[in-house]
Amino acid sequence: MAGKYELNRRRLLQATAAGGAVLAAPFIRPAQAQDPIKIGAQGVSSGSHADYGRQIQMGARFAAEEINTKGGIMGRKIEILYRDDELNNEVALKNARYFKAQGVNFMVGTDSSGICLALGPVLPELDLIQVFTHAATEKLTEDLVFKKGIKHIFRGSVPVYQDAILPALVFKDNKDIKRIANLGADYEYGRTSWAMFHTTLKEYRPDVEIVGETWAPFFTADFTPHLSALAARKPDLIFATPWAGEAVLMLRQATTLGVFNDIKAWWQCMGGSVDVMEGISRDVATGKFKDKLWATARYIWNWPDTAENKAFVGAFSERWGRLPNYSAECTYSAIFALKAAVEKAGSVRTADVIKALEGLELSTPAGKRVYRPEDHQAIYNVPAGRVTYNKEVAPIAHLTDLKVFPAADYYRKPPFA
Amino acid sequence: MSFDALVYQGLIGVSLAMYLWLLAAGLTIAFGVLGVVNFAHGSLYMLGGYFAFTFYLTLQMNFWLSLVFAALGGAAIGSIMERFFLRYIYHLDLAYQILLTFGFVLVFADAARIFWGGIPLIPPMPEIFDSTVPIVGRPFPVYNLFVIFFGIAASVLLWLLLDKTSWGETVRASASDREMAGALGVNIPRLFTVVFSFAAMLAALSGALGTPVRAMTPGIGTSVIIDVFIVTVIGGLGNLPGAFVAALIIGLMKAYGVLLFPDADLFMSYLIMALVLLFRPKGLLGGR
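Cut-offs applied
Residues numbered from 1 in each chain as written. Chains lettered and ligands numbered in written order. Predicted model: local features only at pLDDT ≥ 70, side-chain atom pairs only at ≥ 80, totals over all residues. Heavy atoms only, no water. Pairing = 2+ DSSP bridges. Helix = DSSP H or I, 4+ residues; strand = E, 2+ residues; numbered from the N terminus. Contact = heavy atoms within 4.5 Å. Axes fitted to C-alpha atoms, helices over the stretch in contact; angles between N-to-C directions. Buried < 20%, exposed > 50% of the residue type's maximum accessible area, 1.4 Å probe, protein only. Buried area = accessible area lost by both parts, 1.4 Å probe. Salt bridge = Lys/Arg side-chain N within 4 Å of Asp/Glu carboxyl O.

Colleague: How should the sheet that holds strand β12 (residues 367-371) of chain A be read in this particular structure?
Modeller: Hydrogen bonding along the main chain pairs the strands of a sheet, whether they run parallel or antiparallel. Residues and elements named next belong to chain A. Read across the sheet, 3 strands follow the order β11-β12-β13 without closing on themselves; strand pairing throughout is antiparallel. A single partner strand is all that each edge strand has here, and the edge strands are β11 (361-364) and β13 (378-379). In the sheet, β11 pairs with β12 via 4 bridges, with the strands oriented antiparallel. From the neighbouring strand, Thr-364 faces β12, where its bridge partner is Gly-367. Set on the sheet, helix α14 (residues 326-345) makes contact with β11 and β12; between it and β11 the angle comes to about 140°.

Colleague: Could you clarify how one ought to interpret helix α6 (residues 138-147) of chain A in this entry?
Modeller: The periodicity of an α-helix, 3.6 residues per turn, causes residues three or four positions apart to be oriented the same way. For α6 of chain A, the full list of buried residues reads Glu-138, Leu-140, Thr-141, Glu-142, Leu-144 and Val-145 of chain A. Of the residues flanking the end of α6 of chain A, it is Gly-149 of chain A, one or two places downstream, whose phi is positive at about 70°.

Colleague: What is the right way to look at unusual backbone geometry in this model?
Modeller: Generally, phi is negative for residues other than glycine and the peptide bonds are trans, each holding for most cases. Residue and element names in this part refer to chain A. In this model, Trp-303 is joined to Pro-304 through a cis peptide bond whose omega is 0°. Note on placement: Pro-304 falls in the loop between β10 (293-296) and α13 (307-320). Here Pro-414 and Pro-415 are connected by a cis peptide whose omega angle stands at 10°. Within the element layout of this structure, Pro-415 appears in the segment after α16 (407-410). Phi is positive for Asp-401, which is not a glycine, with a value near 50°. Structurally, the position occupied by Asp-401 is in strand β15 (residues 398-403). When its relative accessible area of 36% is taken as the criterion, Asp-401 is described as partly exposed.

Colleague: Sorry if this is basic, but what is going on with the interface of chain B and chain A here?
Modeller: Accessible area lost upon the coming together of the parts is a frequently used measure of interface size. Tallying the contact residues gives 38 residues for chain B and 37 residues for chain A. Summing the contributions of chain B and of chain A, the shared interface buries around 2900 Å²; its carbon and sulfur component is 60%. Seen at the junction of chain B and chain A, the total is 3 salt bridges. Residue Asp-222 of chain A is joined to Arg-214 of chain B by a salt bridge in which the shortest nitrogen-to-oxygen separation is 2.9 Å. Mapped onto the side of chain B that touches chain A, the elements with two or more residues apiece are α1 (3-34), β2 (138-141), α9 (220-235), α10 (240-260) and α11 (265-279) of chain B. For the side of chain B that touches chain A, the element with the highest residue contribution is α1 of chain B, accounting for 6 residues.

Right, here's the structure in full:
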């Protein structure tokens with residue numbers, strides 16, 4: 001009987017509340033304002049690259065928590081939905097449709113350059129904005145946004161200019177480097193980075209010669225054949241694009257083969273990533289890389305030296321027990337960019353938010369970001385540096401000898417002839 | 001390309017082949033005796049690697065002991081898989097085995113993520129292997145020489161075990177005629193458990209052998225299994241010497257492919273497999 005009574009009482013309360021809401025509706029404006037703003041995030045949570053999906057999630061959730069404790073976006077809380085894209089185009093597209101069906105307002109994330117090119121073109125059909133926060137191919141912003149006019153695409157992380165043009169600037173004055181070789185990740189990102197790097201370097205240094213190129217697909221377990229094939233050509237510099245866990249094992253294999261005895265420098269794209277640094281710390285500490293390992297990332301936690309960055313790194317580490325990776329910072333900052341745009345537009349309508357994001361300036365942990373209106377690329381500076389280990393500074397390897405070049409100067413510019 | 005570079009690259013290829021050989025030996029033995037196509041064989045490789053990492057780095061054990069314990073751990077998991085799962089579906093269509101073992105792939109990958117996390121784990125190189133020796137004027141890793149030696153020693157032991165012992169005789173007899181062997185008093189169910197866990201042990205050993213140079217991640221099982229299938233198909237399913245030859249072919253081809261045809265190296269293993277399937281469908285050493 002008690003149960004029945006409970007039920008009745010609850011029903012009565014519900015009915016009263018509903019009735020009240022109906023009566024009050026014309027006065028509360030608008031009733032849905034209390035619905036959360038949903039943001040769909042996706043990244044890789046499988047295999048050697050799994051930490052990136054995790055970092056995207058940590059960045060997104062951390063931003064949502066910060067924003068929600070301060071009252072949300074125009075009074076609405078943020079809710080994060082996350083899916084694994086398994087580094088697979090079909091899965092990523094399915095996830096995007098799932099997000100749409102769940103009624104998300106915006107999307108963020110995506111690790112792979114291959115996937116971003118599959119996802120970008122369907123955004124107008126879904127009527128969703130995605131701020132890409134890791135995938136780096138220049139084709140996303142140059143071709144899809146600028147040339148094809150897909151305005152729903154934005155990128156809050158760096159394009160390959162930073163993996164490929166920046167090292168050319170770092171090494172162009174090093175006359176010891178004459179013979180260069182590539183150990184490439186065999187897909188869009190690896191191909192486009194290498195092409196951009198050697199063409200840029202050769203503009204400054206026509207004497208530089210390409211002595212070897214090898215390509216390794218995703219999920220390669222053993223890079224020793226690639227490494228020894230390159231070492232046979234006696235390169236001065238190796239440009240390497242396999243990332244995440246693959247970078248860790250490739251670098252270990254390079255040390256066992258004695259590759260670092262003979263080269264002058266190794267450029268590791270995305271080597272400044274936290275998971276890679278964690279993986280190679282011990283070998284860095286014991287001098288296995290002979291101070292010849294150079295790297296960058298899309299953001300590095302020990303730069304810039306600002307209060308905002310320090311506060312972010314401190315709070316993030318406390319929240320998750322890890323240092324923030326670039327995919328975390330880029331996703332975090334992308335959500336703040338969406339917040340700023342929604343508040344500027346006073347609306348969550350896709351067309352309004354696109355307008356508000358174009359040209360948006362925002363202070364972020366990585367420094368000032370400006371969303372360039374022509375190609376929707378966020379412009380911000382990220383240094384390159386030499387990998388080092390000092391336990392006074394951090395429990396894991398980090399970058400030193402930082403070389404900062406203003407992104408606005410070296411990024412390719414519209415019309416991308 | 002100079003002769004020296006070819007020699008060096010060949011040695012790299014042979015060391016690559018040894019991991020493949022240990023893996024393929026297990027897969028092909030399990031198929032030959034039990035008729036099981038074990039998709040989770042690569043996952044046992046992964047578990048072997050994680051076990052070795054845990055014993056060696058987390059529990060600070062001696063490198064050799066951690067190899068032994070990792071192999072035994074693989075054998076234990078293999079015997080559980082056979083005794084409590086595979087045993088119940090031998091009479092069903094092959095598709096059920098594939099589904100079941102594929103289920104194990106997913107379970108093991110997620111279990112690895114839960115226990116060891118998604119971050120790649122790589123222990124420091126054991127000190128005795130932490131150096132190089134000059135071969136054709138270039139530094140060659142001592143560890144790769146050890147892997148080559150280990151692979152060859154394992155082949156000899158395997159051959160002695162299967163060809164020269166009475167247990168090996170029983171295994172071979174059951175492989176060629178299961179019912180007759182049963183009628184002659186061989187305890188077939190128990191033999192199956194032992195053989196399957198032996199096969200699992202070989203996979204785990206291969207993974208354990210890789211820990212200092214090949215980081216372990218939850219996805220590594222699926223990355224290695226493709227190559228292993230190619231090797232067993234080329235060698236002939238169930239054919240042990242065939243698997244050895246095929247592992248050498250694929251290892252060498254991977255090494256020389258990268259050196260000589262860097263844009264076509266991936267496609268070459270598939271090409272060889274296709275040619276073998278067309279002209280010698282029972283494998284290189286499998287007869288017609």
